Amino acid sequence: TAAFTEGLLYDDGYLYESTGGYGTSELRQVELENGTVLKRIQLSETYFGEGLSKVDGSLVQLTWTNGLGFIYDKENFAALSNFTYPTEGWGLTYDGNRLIMSDGSSNLYFLDPATHQRVGQVSVKYGNASVTNINELEYVSGDVYANIWMTQQIIIINPQTGEVKSWIDLT
């Protein structure tokens, strides 16, 4: 309960979690049934951990305002490399071909999973209105699910067009 969960994914029977907070950000492997942290690596106190995604055998973690992403070996959390991006880092997911990233704006950015360079972007809209505060992302059956920061809403986005297909109200 002390963790500020920013990025979360389920894989091979475990939760993988990116937590936020300056001086408290971590990457963790967590046992789903009881919340026991099995593995962790703490980020430097200058980084605020954010979105998290799995690409093949690696975990990719964003930082909020540093414009820096980290790549770790999924099995032992060994640091493999890092990359930069020109926006804030909020949410991250993988569609099998591209990483999809949010930065709190109305945009989704597409990154090449090998080079981590931007290869495209789309503006998210509901009708004619831009949707902002797009936060953590999940890729499910061809759609991107995104929570809207500071609300109890999740939107379902067509990643090709940016169109919001549906809203989920969690109140």
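Numbers given for residues are sequential positions, taken from 1 along each chain in its written order. In keeping with the model being predicted, local features are shown solely for residues with a pLDDT of at least 70 and side-chain atom pairs are shown and tallied solely at 80 or more, while totals for entire chains, interfaces and linings include all residues. Hydrogen atoms and water are omitted, and side-chain values are computed over all heavy atoms in the structure.

S.K.: For the overall build of the protein, give the residues involved together with the corresponding values.
M.R.: A helix here means a DSSP run of H or I that spans at least four residues, while a strand means a run of E at least two residues long, and both kinds are numbered starting from the N terminus. Of the regular secondary structure elements, the protein holds zero helices and 18 strands. What the globule rule says is 2.2 Å times the number of residues to the power 0.38, and the radius of gyration is computed from C-alpha atoms. A globule of 171 residues ought to have a C-alpha radius of gyration of about 16 Å, and the protein, at 15 Å, matches this closely. Taken along its principal axes, the extent of the C-alpha atoms in the protein is 45 × 35 × 30 Å. For the protein, with 171 residues in total, the buried portion stands at 47%. The long-range share in the protein, meaning contacts at least 24 apart out of those at least 6 apart in sequence, stands at 36%. Where accessible areas are quoted, they stem from the Shrake-Rupley method and a 1.4 Å probe; at the residue level, only the protein chains shown are allowed to cover. For the protein, the accessible area works out to roughly 8300 Å², and carbon and sulfur atoms hold 49% of it. Charge counting treats Lys and Arg as positive and Asp and Glu as negative, with His and both chain ends excluded. Charged side chains are reduced to one point each, which is NZ for Lys, CZ for Arg, CG for Asp and CD for Glu. Where the 9 positive side-chain charges of the protein centre and where its 21 negative ones centre are 3 Å apart. Relative accessible area decides the class of each residue, using a 1.4 Å probe on protein chains only: under 20% of the type maximum gives buried, over 50% gives exposed, and in between gives partly exposed. Contact criterion: two residues are considered in contact whenever any of their non-hydrogen atoms come within 4.5 Å of each other.

S.K.: Go over the pairing of strand S8 (residues 79-84), please, and point to the residues and values.
M.R.: Successive side chains on a regular strand alternate, one facing one side of the sheet and the next facing the other. For two strands to be treated as a pair, DSSP must find no fewer than two bridges joining them. The pairing of strand S7 (residues 68-73) with S8 spans five bridges and is classified as antiparallel. Within S8, the position partnered with Tyr72 by the bridge is Ala79. Linking two consecutive strands that pair antiparallel, namely S7 and S8, is a turn of five residues; a positive phi of about 65 degrees is found at Phe77 within it.

S.K.: I'd like a rundown of the nonpolar core, residues and numbers included.
M.R.: What we call a nonpolar core is a set of buried Ala, Val, Leu, Ile, Met, Phe, Trp, Tyr and Cys residues that are connected through their side-chain atoms within 4.5 Å. Counting residues in each nonpolar core, the largest one holds 14 residues, and the members touching the most others are Leu108, Val124, Val131, Ile134, Leu137, Ile155 and Ile157. Residue contributions to this core peak at three residues, all from strand S16 (residues 143-148). Among the nonpolar cores identified, the runner-up in size contains 11 residues, and Ile71, Tyr85, Leu92 and Leu111 belong to it.

S.K.: Before we move on, can you summarise the packing of aromatic side chains with the specific residues and values?
M.R.: Stacked, edge-to-face and tilted labels apply to pairs of Phe, Tyr and Trp rings (six-membered ring for Trp) whose centres lie within 6.5 Å, assigned for plane angles under 30 degrees, over 60, and everything in between, in that order. Scanning the entire structure with this criterion turns up eight aromatic pairs. Judged by centre distance (5.3 Å) and plane angle (70 degrees), the ring pair of Tyr22 and Phe48 falls under edge-to-face. Here Phe48 lies in the loop between strand S4 (37-42) and strand S5 (49-55) and Tyr22 lies in the loop between strand S2 (14-20) and strand S3 (26-31), a separation of 26 residues in the sequence. Its relative accessible area of 44% is what places Tyr22 among the partly exposed residues. We classify Phe48 as buried; its relative accessible area is 10%. Both rings, one in Tyr126 and one in Trp167, keep their centres 5.5 Å apart while their planes meet at 85 degrees; by these two values the pair is edge-to-face. Taken as a pair, Tyr126 in strand S13 (residues 125-126) and Trp167 in strand S18 (residues 164-169) lie far apart in primary sequence, 41 residues in all. Among the residues examined, Tyr126 registers a relative accessible area of 45% and is labelled partly exposed.

S.K.: Break down the environment of Pro113 for me, with residues and values.
M.R.: Tracing the backbone through its elements, the reader meets Pro113 in the loop between strand S11 (107-111) and strand S12 (118-123). Remark: the alpha-carbon pair of Pro113 and Val55, spanning 58 residues in sequence, is separated by 7.3 Å. Leave out the neighbours within four places in its chain, and Pro113 touches Val55, Tyr94, Asn97, Arg98 and Leu99.

S.K.: Mind laying out unusual backbone geometry, listing which residues take part and the relevant values?
M.R.: Notably, Asn133 is not glycine yet its phi reads approximately 65 degrees, a positive angle. For Asn133, the location among the structural elements is in the loop between strand S14 (129-130) and strand S15 (134-140). Residues other than glycine seldom take positive phi values, yet Ser141 does so here, at roughly 50 degrees. Position of Ser141 among the secondary structure elements: in the loop between S15 and S16.

S.K.: Can you break down the sheet that holds strand S17 (residues 153-157) residue by residue, with the values?
M.R.: In space, the four strands of this open sheet follow the order S15-S16-S17-S18, with antiparallel pairing throughout. Each end of this open sheet is capped by a strand with a single partner; those strands are S15 and S18. Along the sheet, successive strands turn relative to each other by an average axial angle of 25 degrees, direction set aside. Pairing analysis gives four bridges linking S16 to S17, with the strands arranged antiparallel. Opposite Asn147, over in S17, you have Ile154 as the bridge partner. Helix axes are fitted only over the stretch in contact, all axes being lines through C-alpha atoms; the angle between N-to-C directions runs from 0 to 180 degrees.

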